[in-house]
Amino acid sequence: MDNLLSLFDLGEAEAAVTQAARVLVILVLAWLLQRVASRIIRLFHDYMAEDRDPEQRTRIGTVEQVLRRFMTVVIVLVAGTLVLGELGISVLPLLATAGVAGIVIGFGAQSLIKDYFNGFFLLVEDQLRQGDVVEIAGRAGRVEELTLRHVRLRDFDGNVYFVPNSEVKVVVNRTREYSHAVADAVVKSAQPIEEAYAVMREVGRVLREDPAFGRVILDDVEIAGVERWEPWGLVLRARIKVLPRSQWEVRREYLSRLKAAFEARGIQSP
Amino acid sequence: MHDFLSYFRGIDPDLRHLILQALRIVAIVVAAWVLHALARHFIRAFRSYMERRVEGVDDLARIDTLSRVFRNVATVVIVVVAGMLVLNELGISIAPILATAGVAGIAIGFGAQSLIKDYFNGMFLLLDDQIRVGDVVEIAGKGGLVEEVTLRFVKLRDLDSHVHFVPCGEINVVTNRTRTFATPLIELRLAMREDPDEAFALMKEVAAGMRAESKWGALITDELEIIGFDRWSESAAVLRVRLRVVPPIEQWSVKREFQKRLQKAFAERGIEIALPHLTIFPGQRKDGSAPPLQVVARSSG
């Protein structure tokens, strides 16, 4: 070591030692930052993953991985640039290239970045889940797959929609906590309405007693009343509170039974 | 080592500087070369990962294109950066070059915005596997059979044989009508006097008849699904049923054949498909002196 030092004059040696110390400090700081960031991300993950179903957990895991990688890349890049600068290599060309690339990619990938941000918030706010029946961006269907970039829906016809998360603005979720089966029955305008209501209540009661439907029906029929006056008759509206995802099935069964009951009681439909 | 260092110290300072410069340039070139090799390795790994995920010759061709584009971009970026570093080492000021490149970059970025968006979107359409050649899709308001997918556009041909070129950047929501299976929905209006259950039984019979034939049986994978009495409409009960068709591209031919047979079966059984029922009311004075004339129109069959 003495030999080596004696080779240089003292000023050079001092400079070299300071340089080495600075590089070391940068590396240590980077390592610390990486540790802290990693810890924060893990805390975030644990907080998010509480009370979630397995499918959502997988997605939260994905988010965690993406964040972690992003963090590592940023820290390594910044530390690397600092070290290069410390070693006397000009980082200007690197920064300039990165700047231009950033602008170009930023312009082109604008909506893509929006996709990821929106996807992240959809996940955090728990607006959609796999299996829900939703309406987003004017398309309705059952959610088949959720990713950070898009939502895949399948509608009743079997059409598959890929909706980018940036297009998702208002979310209509038709299967949250409970649903209502809304049934519109039509009778001729001269019919006794009170009697029709009685039949509607009665059919609802029988439906609720049926074991096949009773387990999804949560409440008695609620008669909303005369909904509107059409040229061909009066539209009478009733609704039944049901478990989510069974509203359509219950409505159809109710309407079909109601039609038979109206015929049996002589209440005329147009 | 000692000898070498003392020799190094002994040489002329100018020469020493020159040697150091040369060494630095060599280091830059070597670093660039290593980086390039790494980039190539990653791109190759990405390519084989993607190739395992997709099927079909044209997807493979697109992945080929994609990895070629990536490779070229990586090469250009590394060569440009290394070149500038070398120029800087040689003492040539690179500030003007950087400024020009920055301005050009922004200008190109603005002008080529939609082009860049096309490529990005095209890349993700490929990665997400949203569109394949031979699918029937609806994108950017245009529907048709996909004839070609590139990183920049999707070529569709509709039923009139109009060809639509849709740039990938214009694609937001993709409606794919032929993914794995299709469930064509058949909705029909039944006269109120008819019994829906009878109609459903007949529809089931027609579907079963189709499934018994080898031509249609191969396409219809499941029994007719009775959705039910959907809603009460003007003089009609609206009934819904669904078929399940694989491969999904056959859904339209199956649906049309089913509807044709249904019409025949209904006519044979005398089940009425809802005709508008009309109550004619001639009107009366307020004191009720003109008795209303009520006419009920019914089909004679």
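Residues numbered from 1 in each chain as written. Chains lettered and ligands numbered in written order. Predicted model: local features only at pLDDT ≥ 70, side-chain atom pairs only at ≥ 80, totals over all residues.

## A few points about the domain arrangement of chain A
Reasoning step 1: Partitioning chain A into structural domains gives domain 1 (2–108), domain 2 (120–173) and domain 3 (179–265).
Reasoning step 2: A separation of 30 Å is found between the C-alpha centroids of domain 2 of chain A and domain 3 of chain A. (Domains from an automatic or database assignment.)

## Things to note about the environment of A:Arg239
Residues and elements named next belong to chain A.
Reasoning step 1: On the secondary structure map, Arg 239 appears in strand β8 (residues 233–242).
Reasoning step 2: In this structure Arg 239 comes out as buried when scored by C-beta crowding, with 20 C-beta atoms within 10 Å.
Reasoning step 3: For the pair formed by Arg 239 and Ala 21, sequence separation is 218 residues and the distance between their alpha carbons is 76 Å.
Reasoning step 4: If near-sequence neighbours (up to four positions away) are discounted, Arg 239 is found in contact with His 180, Ala 181, Val 182, Ala 183, Glu 222 and Ala 224. (Helix = DSSP H or I, 4+ residues; strand = E, 2+ residues; numbered from the N terminus. Buried ≥ 20, exposed ≤ 12 C-beta atoms within 10 Å, placed from the backbone. Contact = placed C-beta atoms within 7 Å.)

## A closer look at the pairing of strand β1 (residues 136–139) of chain B
All names here are of chain B.
Reasoning step 1: With four bridges connecting them, β1 and strand β2 (residues 142–149) associate as antiparallel partners. The partner of Ile 139 across the bridge, within β2, is Lys 142.
Reasoning step 2: The hairpin formed by β1 and β2 contains two residues between the paired strands, and Ala 140 there has a positive phi angle of roughly 50°.
Reasoning step 3: Bridge count for β1 against strand β5 (residues 174–176) is three bridges, and the pairing is antiparallel. Bridging from a neighbouring strand, Val 137 pairs with Asn 176 of β5. (Pairing = 2+ DSSP bridges.)

## Section: the interface of chain B and chain A
Reasoning step 1: Every contact between the two is made by 50 residues of chain B and, on the other side, 41 residues of chain A.
Reasoning step 2: Of all elements in the fold, only α1 (2–10), α3 (57–89), α4 (95–111), α5 (113–128), β5 and β7 (225–233) of chain B reach the threshold of two or more residues within the side of chain B that touches chain A.
Reasoning step 3: Looking at the side of chain B that touches chain A, its residues break down into 27 nonpolar, 15 polar and eight charged.
Reasoning step 4: By the bridge criterion, three bridges tie strand β4 (residues 160–164) of chain A to β5(B) in an arrangement that is antiparallel. Across the sheet, A:Phe162 pairs through a bridge with B:Val174, a residue of β5(B). (Nonpolar A, V, L, I, M, F, W, Y, C, P; charged D, E, K, R; others polar.)

## Quick notes on the nonpolar core
Reasoning step 1: Ranked by size, the top nonpolar core spans 42 residues in total, and within it A:Ala185, A:Met200 and A:Tyr254 carry the most contacts.
Reasoning step 2: If you list the elements that add at least two residues to this core, you get β6 (179–187), α6 (193–209), β8 and α8 (247–265) of chain A together with α6 (196–212), β7, β8 (236–242) and α8 (251–269) of chain B.
Reasoning step 3: Counting 28 residues, the second largest nonpolar core, distinct from the first, contains A:Leu153, A:Val168, B:Val146 and B:Val154. (Core = buried A, V, L, I, M, F, W, Y, C linked by C-beta atoms within 7 Å.)

## Some points on the sheet that holds strand β3 (residues 153–157) of chain B
Reasoning step 1: What the ten strands build is an open sheet, ordered β5(A)-β1(A)-β2(A)-β3(A)-β4(A)-β5(B)-β1(B)-β2(B)-β3(B)-β4(B); its pairing is antiparallel. Sheet topology places β5 (171–173) of chain A together with β4 (163–167) of chain B at the edges, where each strand pairs with a single neighbour. Between one strand axis and the next, the sheet turns by 40° as a mean value, whatever way the strands run.
Reasoning step 2: With three bridges connecting them, strand β1 (residues 133–136) of chain A and β5(A) associate as antiparallel partners. Looking at the pairing, A:Val134 lines up with A:Asn173 of β5(A). (Axes fitted to C-alpha atoms, helices over the stretch in contact; angles between N-to-C directions.)

## Topic: the pairing of β8(A)
Residues and elements named next belong to chain A.
Reasoning step 1: Relative to β8, β6 is paired through nine bridges, and the arrangement is antiparallel. Each bridged residue has a counterpart across the sheet, and for Asp 184 the counterpart in β8 is Arg 237.
Reasoning step 2: Bridge analysis of strand β7 (residues 222–230) against β8 gives seven bridges, and the strand direction is antiparallel. Each residue of the ladder has a partner; that of Trp 229, found in β8, is Leu 234.
Reasoning step 3: Counting the residues that bridge the hairpin from β7 to β8 gives two residues.

## A short note on unusual backbone geometry
Reasoning step 1: Here the bond from B:Val246 into B:Pro247 is cis, since omega is 0°, no more than 30 degrees from zero.
Reasoning step 2: Tracing the backbone through its elements, the reader meets B:Pro247 in the loop between β8 and α8.
Reasoning step 3: For A:Glu177, which is not a glycine, the phi torsion comes out positive at approximately 60°.
Reasoning step 4: Mapped onto the elements, A:Glu177 comes out in the loop between β5 and β6.
Reasoning step 5: If you check the backbone angles, B:Ser161 has positive phi at about 65° while not being a glycine.

## Considering the sheet that holds β7(B)
Residue and element names in this part refer to chain B.
Reasoning step 1: The three strands lie next to each other as β6-β8-β7, forming an open sheet whose pairing is antiparallel. The open sheet has two edge strands, β6 (185–191) and β7, and neither has a second partner. Ignoring strand direction, the axes of neighbouring strands in this sheet form an average angle of 25°.
Reasoning step 2: Bridge analysis of β6 against β8 gives seven bridges, and the strand direction is antiparallel. Its bridge partner being in β8, Leu 190 is matched across the sheet by Ala 237.
Reasoning step 3: Packed onto the sheet, α6 meets β6, β7 and β8 and runs at close to 30° relative to β8.

## A look at the packing of helix α4 (residues 92–108) of chain A against α4(B)
Reasoning step 1: Between α4(A) and α4(B), the shortest axis-to-axis distance is 9 Å and the interhelical angle comes to 10°. Between α4(A) and α4(B), the crossing angle belongs to the class labelled roughly parallel. Of the residues in α4(B), those in contact with A:Leu92, A:Pro93, A:Ala96, A:Gly99, A:Val100, A:Ile103, A:Val104 and A:Phe107 of α4(A) are B:Leu98, B:Ala101, B:Gly102, B:Gly105, B:Ile106, B:Ile108 and B:Gly109.
Reasoning step 2: Considering only residue class, the contact of α4(A) with α4(B) consists of eleven nonpolar, four polar and no charged. (Parallel < 35°, antiparallel > 145°, perpendicular 65-115°, else oblique.)

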